[in-house]
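Tertiary structure, described
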Protein chains: 2
Amino acid sequence: MTQPNQKNSHSEIPIACVACHAREGGVCGTLSPSQLAQVVRKTARRRVQPQIEIIGQGDGIEHCAAIVRGVVKLSKMLADGRQQIVGLQFAPDFLGTPFLRECSLSAEAVTNVDLCVFPRALIERLAAEAPDLQRRLHVETLKKLCAARDWMLTLGRKTAKERVANFLYLVATRINFEDGPAREFDLPLSRADIADYLGLTIETVSRQITRLRKEGVIRVENRRRIIVPDIRRLMKNASIDS
Amino acid sequence: MTQPNQKNSHSEIPIACVACHAREGGVCGTLSPSQLAQVVRKTARRRVQPQIEIIGQGDGIEHCAAIVRGVVKLSKMLADGRQQIVGLQFAPDFLGTPFLRECSLSAEAVTNVDLCVFPRALIERLAAEAPDLQRRLHVETLKKLCAARDWMLTLGRKTAKERVANFLYLVATRINFEDGPAREFDLPLSRADIADYLGLTIETVSRQITRLRKEGVIRVENRRRIIVPDIRRLMKNASIDS
DNA sequence: CGAAGATTTGATAACAATCAAGGCTGGTGG
DNA sequence: CCACCAGCCTTGATTGTTATCAAATCTTCG
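Criteria and cut-off values
Residues numbered from 1 in each chain as written. Chains lettered and ligands numbered in written order. Predicted model: local features only at pLDDT ≥ 70, side-chain atom pairs only at ≥ 80, totals over all residues. Heavy atoms only, no water. Salt bridge = Lys/Arg side-chain N within 4 Å of Asp/Glu carboxyl O. Helix = DSSP H or I, 4+ residues; strand = E, 2+ residues; numbered from the N terminus. Buried < 20%, exposed > 50% of the residue type's maximum accessible area, 1.4 Å probe, protein only. Near = heavy atom within 4 Å. Polar contact = N/O pair within 3.5 Å; in protein donor to acceptor, adjacent residues only side chain to side chain.

On to the pattern of salt bridges, then. Tallied over the full model, the rule gives 36 salt bridges over all chains. For the salt bridge of glutamate 129 of chain A with arginine 125 of chain A, the shortest nitrogen-to-oxygen distance reads 3.5 Å. Here glutamate 129 of chain A and its partner arginine 125 of chain A are both found in helix 3 (residues 120-129), 4 residues apart, which amounts to about one turn of the helix. The partner of glutamate 124 of chain B in a salt bridge is arginine 120 of chain B, with the nearest N and O atoms 2.6 Å apart. Taken together, the residues glutamate 124 of chain B and arginine 120 of chain B, both in helix 3 (residues 120-129) and 4 residues apart, mark about one turn of the helix. One exposure class covers both glutamate 124 of chain B and arginine 120 of chain B, and it is buried. Ionic contacts of the salt-bridge type, sharing partners, join the residues Arg47, Arg69 and Asp114 of chain A into one network.

Okay, here's the thing in structure tokens:
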């Protein structure tokens, strides 16, 4: 990794950002070189291992972050321990909710994750000055809202088999930043996490993966690795329209 | 009520907006008098009856609206007819997703609804000029995202009884703009819609309402009217924390 | 009053959860 | 290198919750 704080001569794009996966497509993409420089000064790169909590449920969240690499799960828990994953975030998604304090959820790395962490206050100040940034953050939130609502349909109305197929489709689609659906990929989640994402038990998840395998919809190389010979067929099993 | 399109002398707040329920708390609240005047010129008041579709699934959405009065359901449907309500919007919520085109869902009035309808393009233009408006819209979207994720927990991990109690709590909380939870209220939805909101069948919804009634958690005056003697008890039955 | 639609209630069936083993895999140490 | 252990995953048996099917009742409205 390049060192975080270098810049080349004429206040160009900071070197730390030049090759950054999360810049194009990510929120940083809207910033001018001078704004980027400003951000970089207050920014910390952080590497997080799987199962490490990034933000706790109910934290007064003083930081935001861009995911540079890896997958983060967002989850909510009931007092008795029942848990629901309410979002999976892949690079180059933005983490954290500037402008809103009250929404309690916890964020945890599920793979090795690289983050660019910013103070919330800085983002809020920059957003007030830069309409493009504000708008970019807004659009990202709208996309998350759309994804959340799609998932509500999955949770409320789909069968166990459809949910599992839907999950596999989602991972295939999002695991590779900015390519089409992957034909072959590693699941970022354990069976337990998949269950928590789908509102099922691990046993049911396991049985449905077995079923999809026996029906030839997927191949299972090992616990984590999945091959999808025909993405349309997977979509049909997930009751995904288009 | 005052008449809709008059203005008083010095380009003050348009009369149509002065007493508007949706202005304070709503997105219009951030607009200056002159911006409001601009908006009012391009705005249509619209009254919509129950079961009338406001936006169709997959429409290229050219309009947005503020809910002035009433309740709107947002829903998604699968090819085979299974349906899930993914959001209930009460006055003074904002409808529509400026800045994002692709999210397909349908919006339908569930009560008599009064709307202020704006061209999407106007909102986008104003938002680019007025950071406060952009920010206000962003915050509203963040709140909807938070609500959607809360509901994912309900759909994924709660029992039928908890879901119904959760729904009753939600209505009690939101039916009266800006008061505390109502002790007594009319359900805006039919049993069929409640079922579609909760990912259940109408029979199960009915049985759970009966159960909550028999246990004394609620009283049922008639099909629509509910009385909640003890809101804390209802929350406990819904497994809502605080 | 009668009819249509909405809601409730009852009986049964299906799907997923739970309880309980058993098997695989990856890591560790002999 | 192999054996063993722990954790994760799969499979099997059974139970329980909710869906489905069916009918009765209640409401509303002409």
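What follows is about the protein's contact with DNA strand D. Around DNA strand D, the structure places 17 residues, and the nearest of them are Arg191 and Thr210 of chain A together with Ala160, Thr204 and Arg223 of chain B. Close to the protein, within 4 Å, the atoms of DNA strand D are drawn from sugar and phosphate at a rate of 64%. With respect to DNA strand D, the side chain of arginine 223 of chain A contributes an N or O atom lying 3.2 Å from a base oxygen. With respect to DNA strand D, the side chain of threonine 204 of chain B contributes an N or O atom lying 2.4 Å from a phosphate oxygen. Going through the elements one at a time, helix 7 (202-214) of chain A together with helix 7 (202-214) of chain B are the ones with two or more residues in the surface near DNA strand D. Among the elements that take part in the surface near DNA strand D, helix 7 of chain A stands out by supplying 5 residues, more than any other.

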